[in-house]
Amino acid sequence: DAGVTQSPTHLIKTRGQQVTLRCSPKSGHDTVSWYQQALGQGPQFIFQYYEEEERQRGNFPDRFSGHQFPNYSSELNVNALLLGDSALYLCASSFTSGRANEQFFGPGTRLTVL
Amino acid sequence: AQRVTQPEKLLSVFKGAPVELKCNYSYSGSPELFWYVQYSRQRLQLLLRHISRESIKGFTADLNKGETSFHLKKPFAQEEDSAMYYCALLYPIIQGAQKLVFGQGTRLTINP
């Protein structure tokens, strides 16, 4: 099991563009959470997906949207990119009925907005 | 509001010295607390959780509800402990769903 995987590793975009980040959860996991980690900060919760639906959302604008597919993989979309969206985007997977819902993290996608 | 505070952004100690990374939380319910670690060029990974009351790599953390703290301790630091450490609070949001809130992290450097 490769664990949680994310693609791409790095991405450079310009302001106003749109971006899609992808995440494959750990085998057996059904829940995917997305986090934004700005430089020097801890990860900030964006939203969580379970059964192809967004279950909860953090304090992020509607420019951030997501999707979960039947195979539990997930995408994070960000529209109308701003310079402040530059960050490491982390995906974490968990099993809803698992032990304290332990979340396993992917390596992240480094997004740079110029 | 649920919040996790790690007051030290940087902590530097010598090899063999005791280490304590501080974490305070704000949550009205019964907390589930974790310590995550990120070694250089590696992904964020779980170090330990308070409900397990276990020692991982010599680290322990005790939940003190009176002081709303969950400090991470190790009696004798090793160079391989150098990493970024994050304290995190897990709490329920809606039925079946839980949210993880992280502190800002403490960069621990162990000097030889």
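So, a few notes on the structure that sits alongside this text. (Residues numbered from 1 in each chain as written. Chains lettered and ligands numbered in written order. Predicted model: local features only at pLDDT ≥ 70, side-chain atom pairs only at ≥ 80, totals over all residues. Heavy atoms only, no water.)

### Looking at the overall build of chain B
And then number 1: Broken down by element type, chain B carries 0 helices and 11 strands.
And then number 2: When the helices and strands of chain B are placed in sequence order, the string is β-β-β-β-β-β-β-β-β-β-β.
And then number 3: Against the globule reference of 13 Å for 112 residues, chain B gives a C-alpha radius of gyration of 14 Å, in line with a compact fold.
And then number 4: Its C-alpha atoms put chain B at 50 × 30 × 25 Å along the principal axes.
And then number 5: A burial count over chain B gives 47% of its 112 residues as buried.
And then number 6: Residue pairs in contact within chain B that sit at least 24 positions apart in sequence constitute 57% of those at least 6 positions apart.
And then number 7: Surface exposure of chain B reaches about 5700 Å², of which carbon and sulfur atoms provide 49%.
And then number 8: Positive and negative side-chain charges in chain B, numbering 14 and 9 respectively, have mean positions lying 6 Å apart. (Helix = DSSP H or I, 4+ residues; strand = E, 2+ residues; numbered from the N terminus. Rg over C-alpha atoms; globule rule 2.2 N^0.38 Å. Buried < 20%, exposed > 50% of the residue type's maximum accessible area, 1.4 Å probe, protein only. Contact = heavy atoms within 4.5 Å. Areas by Shrake-Rupley, 256 points an atom, 1.4 Å probe, with all protein chains shown as cover. Lys, Arg positive; Asp, Glu negative; His and termini not counted. Charge placed at Lys NZ, Arg CZ, Asp CG, Glu CD.)

### Focus: the pattern of salt bridges
And then number 1: By the definition in use, this model includes 7 salt bridges over all chains.
And then number 2: Note that E20 of chain B and K22 of chain B form a salt bridge whose closest N and O atoms lie 3.2 Å from each other. (Salt bridge = Lys/Arg side-chain N within 4 Å of Asp/Glu carboxyl O.)

### A short note on the sheet that holds strand β8 (residues 74–78) of chain A
All names here are of chain A.
And then number 1: If you trace the 4 strands from one edge of the open sheet to the other, you get β1-β3-β8-β7, paired in antiparallel fashion. Looking at strand neighbours, the two that pair on one side only are β1 (5–7) and β7 (64–68), the edges of this open sheet. Strand after strand, the sheet turns through a mean of 20° between neighbouring axes, direction not considered.
And then number 2: Taken together, the 5 bridges between β7 and β8 define a ladder with antiparallel strand orientation. Of the residues in β8, the one forming a bridge with G66 is L76. (Pairing = 2+ DSSP bridges. Axes fitted to C-alpha atoms, helices over the stretch in contact; angles between N-to-C directions.)

### A few points about the interface of chain B and chain A
And then number 1: On the side of chain A, 23 residues touch chain B, which itself brings 24 residues to the contact.
And then number 2: Of the roughly 1900 Å² buried where chain B meets chain A, counting both sides, 49% is carbon and sulfur surface.
And then number 3: Inspection of the region where chain B meets chain A yields 1 salt bridge.
And then number 4: With its nearest N and O atoms 2.7 Å apart, the salt bridge here joins E102 of chain A to R49 of chain B.
And then number 5: Inspection of the chain B/chain A interface yields 7 residue pairs in polar contact (both at pLDDT 80 or more).
And then number 6: Looking at the side of chain B that touches chain A, the elements with two or more residues in it are β5 (32–38), β6 (45–49), β9 (83–94) and β10 (97–102) of chain B.
And then number 7: Of the residues forming the side of chain B that touches chain A, the biggest block, 5 residues, is contributed by β10 of chain B. (Buried area = accessible area lost by both parts, 1.4 Å probe. Polar contact = N/O pair within 3.5 Å; in protein donor to acceptor, adjacent residues only side chain to side chain.)

Limitation: the analysis is restricted to geometry and does not speak to function.
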